[in-house]
There are 2 protein chains.
Amino acid sequence: MDYVISDKVKTLKPSAIREIFKYAADPSVVSLSAGNPAPEAFPVDAIREISARILEENPIAALQYSVTEGYPPLRNAVKEYMQSKYNAVSENDDILITSGAQQVMDLFTKTCCNEGDTIICEAPSFIGSLNSFRSFNCRLCGIPLEDDGMNIEALEKALQTEKNVRFIYIIANFQNPSGVTTSLEKRKAIYELAKKYNVMILEDNPYGELRIEGENIPCIKSFDTDGIVVYAGSFSKILSPGMRIGYAIAPKPVIAKMVVCKQGEDVHTNSWAQIVASEFMTKYDFEAHLSSLREIYRKKALYCMSLLDKYLVPAGISYSRIQGGLFIWCRLPENAKISMNEFCKQAVLNKVCVVPGNAFLTDEAEQCSSFRINFSTPTDEQLEKGIKILGRLATEVL
Amino acid sequence: MDYVISDKVKTLKPSAIREIFKYAADPSVVSLSAGNPAPEAFPVDAIREISARILEENPIAALQYSVTEGYPPLRNAVKEYMQSKYNAVSENDDILITSGAQQVMDLFTKTCCNEGDTIICEAPSFIGSLNSFRSFNCRLCGIPLEDDGMNIEALEKALQTEKNVRFIYIIANFQNPSGVTTSLEKRKAIYELAKKYNVMILEDNPYGELRIEGENIPCIKSFDTDGIVVYAGSFSKILSPGMRIGYAIAPKPVIAKMVVCKQGEDVHTNSWAQIVASEFMTKYDFEAHLSSLREIYRKKALYCMSLLDKYLVPAGISYSRIQGGLFIWCRLPENAKISMNEFCKQAVLNKVCVVPGNAFLTDEAEQCSSFRINFSTPTDEQLEKGIKILGRLATEVL
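Scope of this entry: the structure provided in the associated data block. As the structure is a prediction and not an experimental result, all values here were calculated from the model.

As for the sheet that holds strand β4 (residues 139-146) of chain A
Residues and elements named next belong to chain A.
Inference 1: Here we have eight strands laid out as an open sheet, ordered β2-β9-β8-β7-β6-β3-β4-β5, and mixed in their pairing. For this open sheet the edge positions go to β2 (93-98) and β5 (149-150), each flanked by a neighbour on one side alone.
Inference 2: Contacting β2, β7 (200-204), β8 (229-234) and β9 (246-251), helix α10 (residues 252-265) crosses the sheet at an angle of about 25 degrees to β2.

So, in structure tokens, the structure goes:
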């Protein structure tokens, strides 16, 4: 039977990363293609303890229907934390707990975009968000990323020429996949341009707490005196991704519409997970936990970069040092004899898996000479083994 | 600031039920307006035990990212159960675990409907699903419900005259809000009409296991030799709604598109909840648990109907006896001196809360002389108190 598929979904493809995961499932393949937090980063003991306590003391709260906006103590904890630490909540803002930050992309796009409207994003950008935008039949306009963030001239030009631009999507800290951190100057410039051209900003910050060096740069939401920024926060990298908890901080009228959409989408986010997150933030030493995460990822990132210096750089593959996050973006030399896609294919045949960079472009058919490496999921041994193979391959084929 | 709101979301309103919940939050008000499972229906001990075990034995599986399709053992358990007990899974079908059955409505509508497409539903019908359909700018066409299901002539006429009908939405067992169970004859007629007019069926069955009398009637999905039925199942009424687990059983090409949409929506459903559900289905006496639930709801339903017979029927309010589910639909007499809406408002002023029937219509502005009573959430004392007040009010004002 030929099923009727909506226009918006017809052209959606499973992400290229998922195809790669099929190879990565082979245990003899070293996967540098995932984006999972390191298993040692989960506060397992605390979660076990909290879970046992809530199922003992107040099981019905964890198991019964709850309100769409989110578990009130968690909304308060997030509000207080994001306000006092990052100045990211104004009195005109409200907080909505979502089923992972991914749902913020979905709900906000649904709320403000008609089919055919344009979303400006970094090129490259996070494939999960791009696919969410695509699923509402939005046009994507990618702005080239430089070492300190989007090219501002290209951004202004897009704002001048693109029709029905609804928002600018940005991951300002340790971007996925590029690892780029947008400078304070550019964050301010982007905010001013959004204001000037009357579009909103969707600021996605899943990795913000995972800074391994340098000083925190204020989030764009902290400049938001005009009520034009929607901030997407996540517990996936700092507590557990399997729990699927994220949140939106946004102007009240925007949150109100997102709540109505969430009601029709999944009613509310898993109650148990919301209570666990709330208790973890308020009854445990949350800051100490974040410090310990930074220590885990600092070690892993530095080790990964030392391996890149040792095995890939001499073979002509360059990369930009990162200040945090989980990903490093590697570039093939300009005079490479084979394409990046071919290089990634050869890598798989040699039992190491990385993600080809074009998967992160607004148009996957575009040329791209970079690939993404993840260092949080593999063990140190796997990292060394994988990068060594890539280095040998590069020496042979580039 | 004036925010740009998409056409599809602009006219969406928070459900009327939510407004009523504001009154229901007043502890002096008896709420007969909810749809929560009875707290005593949760298998708290088992959930506590399973949760402790999985967080002890394999915490990473419960906390790490997992696949969009759902936890494989849960998909298998659902498949086996629904196949062997209800013949509801064909070899052309696949199973997707969702964040509550509500997400099946969302994902399937997104997958097959363009804006302006038509969805045929029962009138009245479940407001959460109607709002989900509305959020994709779909046109709703309501077919009057009779005591044994939709009026088949009206359904065929709609299929002949409505444009771009994508699917028929039906809750065949103990419908929310009407309590109506569609007869086997009508289920077959609806399936044949869908086939004849080349539209699909979305069969939503959240209450199917809560039959309190009579024999189970085969689900429409069990006739589905043509691959035209999407079945939405739920753990909300048989395990816990706060866990947010539901599932879709649908032809493989449809599930494949729903999976891509789910990726962009929330990546996957909470892992802990999926593992708990899977263990509960396979390592505990699931059938005995379902029996005990039926016993709980049988008692509550029979008690509720005895109160209606005692207090409301003599005052001119009629109702249809139910075979299961959580809701009873009450009708004001034809010659009532006040409108149903006014009656519900008076009820709140007298400290009892029911849901006005027009909240469940495709057009809320339409007249309706019925209201919905829920008997699963209130205690026996609250039920008696509430229905007594309604009876006194009816005697005074009707």
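Quick notes on the packing of aromatic side chains
Inference 1: On inspection of all chains with the given rule, the structure shows 27 aromatic pairs over all chains.
Inference 2: Here phenylalanine 133 of chain A and phenylalanine 167 of chain A contribute two aromatic rings whose centre-to-centre distance is 5.5 Å and whose plane-to-plane angle is 75 degrees, an arrangement assigned as edge-to-face. Separated by 34 residues along the polypeptide, phenylalanine 133 of chain A in helix α7 (residues 127-134) and phenylalanine 167 of chain A in strand β6 (residues 165-170) bring together distant segments of the chain.
Inference 3: Put simply, the rings of Tyr81, Tyr86, Phe280, Tyr284 and Phe286 of chain A touch in pairs and so form one group of aromatic residues.
Inference 4: The side chain of lysine 110 of chain A reaches across the aromatic face of phenylalanine 136 of chain B, ending 3.7 Å from its centre.

Examining the environment of glutamine 83 of chain B
All names here are of chain B.
Inference 1: Secondary-structure assignment places glutamine 83 in helix α5 (residues 72-86).
Inference 2: The partly exposed category is assigned to glutamine 83, whose relative accessible area is 33%.
Inference 3: Sequence separation between glutamine 83 and alanine 273 is 190 residues; the distance between their C-alpha atoms is 22 Å.
Inference 4: Dropping the residues within four chain positions of it, glutamine 83 is found in contact with Val78, Ala88, Val89 and Ser90.

Focus on the interface of chain A and chain B
Inference 1: With 78 residues of chain A in contact, the opposing surface of chain B contributes 78 residues.
Inference 2: Per-residue buried area on chain A facing chain B is highest for Tyr3, Leu63 and Tyr65 of chain A; these three make up 11% of the total on that side.
Inference 3: Scanning the region where chain A abuts chain B turns up four salt bridges.
Inference 4: The partner of aspartate 106 of chain A in a salt bridge is lysine 110 of chain B, with the nearest N and O atoms 3.6 Å apart.
Inference 5: There are 45 residue pairs in polar contact (both at pLDDT 80 or more) connecting chain A and chain B.
Inference 6: Taken together, the elements giving at least two residues each to the side of chain A that touches chain B come down to α1 (7-10), α3 (44-57), α4 (59-63), α6 (102-112), α7, α10 and α11 (271-283) of chain A.
Inference 7: A total of nine residues in the side of chain A that touches chain B trace back to one element, the largest contributor, which is α10 of chain A.
Inference 8: Partitioning the side of chain A that touches chain B into residue classes produces 34 nonpolar, 26 polar and 18 charged.

A word on unusual backbone geometry
Inference 1: Look at the link from alanine 123 of chain B to proline 124 of chain B: it is a cis peptide, with omega at 5 degrees.
Inference 2: Within the secondary structure, proline 124 of chain B is located in the loop between β3 (118-123) and α7 (127-134).
Inference 3: The omega torsion across asparagine 176 of chain B and proline 177 of chain B is 15 degrees, close enough to zero to call that bond cis.
Inference 4: Positionally, proline 177 of chain B belongs in the loop between β6 (165-170) and α9 (184-196).
Inference 5: One non-glycine residue, valine 267 of chain A, adopts positive backbone phi at about 70 degrees.
Inference 6: Following the sequence through the fold, valine 267 of chain A ends up in the loop between α10 and α11.

The rules behind each value
- Residues numbered from 1 in each chain as written.
- Chains lettered and ligands numbered in written order.
- Predicted model: local features only at pLDDT ≥ 70, side-chain atom pairs only at ≥ 80, totals over all residues.
- Heavy atoms only, no water.
- Pairing = 2+ DSSP bridges.
- Helix = DSSP H or I, 4+ residues; strand = E, 2+ residues; numbered from the N terminus.
- Contact = heavy atoms within 4.5 Å.
- Axes fitted to C-alpha atoms, helices over the stretch in contact; angles between N-to-C directions.
- Phe/Tyr/Trp six-rings, centres within 6.5 Å; stacked < 30°, edge-to-face > 60°.
- Lys NZ or Arg CZ within 6 Å of the ring centre and 35° of its normal.
- Buried < 20%, exposed > 50% of the residue type's maximum accessible area, 1.4 Å probe, protein only.
- Buried area = accessible area lost by both parts, 1.4 Å probe.
- Salt bridge = Lys/Arg side-chain N within 4 Å of Asp/Glu carboxyl O.
- Polar contact = N/O pair within 3.5 Å; in protein donor to acceptor, adjacent residues only side chain to side chain.
- Nonpolar A, V, L, I, M, F, W, Y, C, P; charged D, E, K, R; others polar.

Limitation: the analysis is restricted to geometry and does not speak to function.
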